[in-house]
Amino acid sequence: AWWERKFLALRKQERPGGPRVHLWTRDLAYTQEPRPTRENPAATRWVGREKGVDVAMALGLVEAAHDRHFDHYLILSRDQDLRDAVSSVQRIHRQ
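Quantities reported herein were computed from a predicted structural model and do not represent experimental measurements.

Turning our attention to the overall build of the chain. When its secondary structure is counted, the chain shows three helices and two strands. Moving toward the C terminus, one meets the helices and strands of the chain in the order α-β-β-α-α. For the chain, buried positions account for 16% of its 95 residues. If you take every contact in the chain between residues at least 6 apart in sequence, the share linking residues at least 24 apart comes to 37%.

To continue, consider a nonpolar patch on the surface. Side chains of Trp2, Trp3, Leu74 and Leu76 sit close together on the surface and give an oily, nonpolar patch of about 450 Å² of accessible area. With respect to the element layout, tryptophan 2 can be found in helix 1 (residues 2-12).

Axis separation between helix 2 (residues 53-66) and helix 3 (residues 83-94) bottoms out at 9 Å; the angle between their running directions is 5 degrees. In terms of orientation, helix 2 and helix 3 fall into the roughly parallel class. Where helix 2 approaches helix 3, its residues Ala58, Leu61, Val62, Ala65 and His66 are matched on the opposing element by Ala85, Val86, Ser88, Val89, Ile92 and His93. Partitioned by chemical class, the residues of the contact of helix 2 with helix 3 number eight nonpolar, three polar and no charged.

Another point: helix 2. Taking 1.5 Å per residue as the helical rise, helix 2 with its 14 residues ought to reach 20 Å, and the 20 Å between its terminal C-alpha atoms agrees with that figure. Every buried residue of helix 2 is accounted for by Val53, Ala58, Leu61, Ala64 and Ala65. The arc enclosing the buried residues of helix 2, seen along the axis, measures out at 140 degrees, which places them on a common side. Exposed side chains of helix 2 directed beyond 90 degrees from the buried face belong to Val55, Glu63 and His66. Taken together, the buried residues of helix 2 touch helix 3. Arginine 68 lies just past helix 2 and shows a positive phi near 55 degrees.

Thresholds applied
Residues numbered from 1 in each chain as written. Predicted model: local features only at pLDDT ≥ 70, side-chain atom pairs only at ≥ 80, totals over all residues. Heavy atoms only, no water. Helix = DSSP H or I, 4+ residues; strand = E, 2+ residues; numbered from the N terminus. Buried < 20%, exposed > 50% of the residue type's maximum accessible area, 1.4 Å probe, protein only. Contact = heavy atoms within 4.5 Å. Patch = residues over 30% accessible without salt bridge, like charges linked within 9 Å, V, L, I, M, F, W, Y side chains within 5 Å. Areas by Shrake-Rupley, 256 points an atom, 1.4 Å probe, with all protein chains shown as cover. Salt bridge = Lys/Arg side-chain N within 4 Å of Asp/Glu carboxyl O. Axes fitted to C-alpha atoms, helices over the stretch in contact; angles between N-to-C directions. Parallel < 35°, antiparallel > 145°, perpendicular 65-115°, else oblique. Nonpolar A, V, L, I, M, F, W, Y, C, P; charged D, E, K, R; others polar. Expected span 1.5 Å × (residues − 1). Arc of directions from axis to C-beta.

Structure below.
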(Lines give C-alpha, C1' and ligand atoms only; values in the text may rest on other atoms or scores of the structure.)
Protein backbone atom coordinates (compact mmCIF):
# COMPACT_ATOMS: atom_id res chain seq x y z
CA ALA A 1 0.00 0.00 0.00
CA TRP A 2 2.86 2.41 0.78
CA TRP A 3 4.48 1.87 -2.63
CA GLU A 4 1.14 2.23 -4.37
CA ARG A 5 0.63 5.65 -2.73
CA LYS A 6 4.20 6.62 -3.67
CA PHE A 7 3.66 5.68 -7.32
CA LEU A 8 0.35 7.51 -7.45
CA ALA A 9 2.10 10.64 -6.15
CA LEU A 10 4.72 10.25 -8.90
CA ARG A 11 1.99 9.91 -11.53
CA LYS A 12 0.50 13.23 -10.40
CA GLN A 13 3.87 14.87 -11.10
CA GLU A 14 4.07 13.63 -14.72
CA ARG A 15 4.36 16.25 -17.43
CA PRO A 16 3.44 15.88 -21.11
CA GLY A 17 6.43 14.42 -22.96
CA GLY A 18 8.21 13.70 -19.67
CA PRO A 19 8.89 10.44 -17.91
CA ARG A 20 5.86 8.31 -17.14
CA VAL A 21 5.28 5.97 -14.23
CA HIS A 22 3.27 2.75 -14.61
CA LEU A 23 2.28 0.55 -11.71
CA TRP A 24 1.19 -3.05 -12.00
CA THR A 25 -0.14 -4.86 -8.99
CA ARG A 26 -1.67 -8.24 -8.41
CA ASP A 27 -3.95 -9.14 -5.53
CA LEU A 28 -3.17 -12.04 -3.25
CA ALA A 29 -5.49 -15.05 -3.10
CA TYR A 30 -6.94 -15.36 0.40
CA THR A 31 -7.94 -18.61 2.06
CA GLN A 32 -9.27 -19.31 5.49
CA GLU A 33 -7.02 -21.52 7.61
CA PRO A 34 -7.42 -22.98 11.08
CA ARG A 35 -5.77 -21.05 13.89
CA PRO A 36 -6.92 -22.63 17.10
CA THR A 37 -6.46 -20.82 20.38
CA ARG A 38 -6.99 -21.98 23.92
CA GLU A 39 -10.14 -19.86 24.13
CA ASN A 40 -11.47 -20.88 20.70
CA PRO A 41 -10.19 -24.20 19.28
CA ALA A 42 -12.26 -23.67 16.12
CA ALA A 43 -10.81 -20.21 15.34
CA THR A 44 -9.67 -19.47 11.78
CA ARG A 45 -7.77 -16.67 10.07
CA TRP A 46 -7.50 -15.32 6.53
CA VAL A 47 -4.09 -15.90 4.93
CA GLY A 48 -2.94 -14.19 1.73
CA ARG A 49 -0.98 -16.32 -0.69
CA GLU A 50 0.91 -15.46 -3.85
CA LYS A 51 -0.22 -17.58 -6.76
CA GLY A 52 1.46 -17.06 -10.12
CA VAL A 53 2.69 -13.58 -9.19
CA ASP A 54 6.33 -14.15 -10.15
CA VAL A 55 5.41 -15.70 -13.50
CA ALA A 56 2.99 -12.87 -14.33
CA MET A 57 5.59 -10.24 -13.39
CA ALA A 58 8.30 -11.95 -15.43
CA LEU A 59 6.09 -12.22 -18.52
CA GLY A 60 4.92 -8.62 -18.23
CA LEU A 61 8.48 -7.39 -17.75
CA VAL A 62 9.87 -9.24 -20.78
CA GLU A 63 6.91 -8.26 -22.99
CA ALA A 64 7.25 -4.58 -22.02
CA ALA A 65 10.99 -4.69 -22.72
CA HIS A 66 10.45 -6.39 -26.07
CA ASP A 67 7.92 -3.73 -27.08
CA ARG A 68 10.29 -0.98 -25.79
CA HIS A 69 7.60 0.46 -23.53
CA PHE A 70 10.04 1.72 -20.88
CA ASP A 71 13.54 3.06 -20.37
CA HIS A 72 13.79 2.11 -16.68
CA TYR A 73 12.27 -0.62 -14.55
CA LEU A 74 11.90 -0.82 -10.79
CA ILE A 75 11.20 -4.25 -9.37
CA LEU A 76 10.39 -4.72 -5.71
CA SER A 77 10.78 -8.32 -4.66
CA ARG A 78 11.96 -10.26 -1.64
CA ASP A 79 13.53 -13.12 -3.58
CA GLN A 80 15.59 -13.93 -6.64
CA ASP A 81 12.79 -15.49 -8.73
CA LEU A 82 12.86 -12.68 -11.31
CA ARG A 83 16.61 -12.81 -11.92
CA ASP A 84 16.24 -14.66 -15.25
CA ALA A 85 13.58 -12.22 -16.46
CA VAL A 86 15.86 -9.29 -15.59
CA SER A 87 18.71 -10.93 -17.54
CA SER A 88 16.39 -11.32 -20.53
CA VAL A 89 15.40 -7.65 -20.34
CA GLN A 90 19.05 -6.63 -20.25
CA ARG A 91 19.77 -8.74 -23.36
CA ILE A 92 16.75 -7.25 -25.16
CA HIS A 93 17.89 -3.69 -24.47
CA ARG A 94 21.43 -4.41 -25.69
CA GLN A 95 20.09 -5.50 -29.10
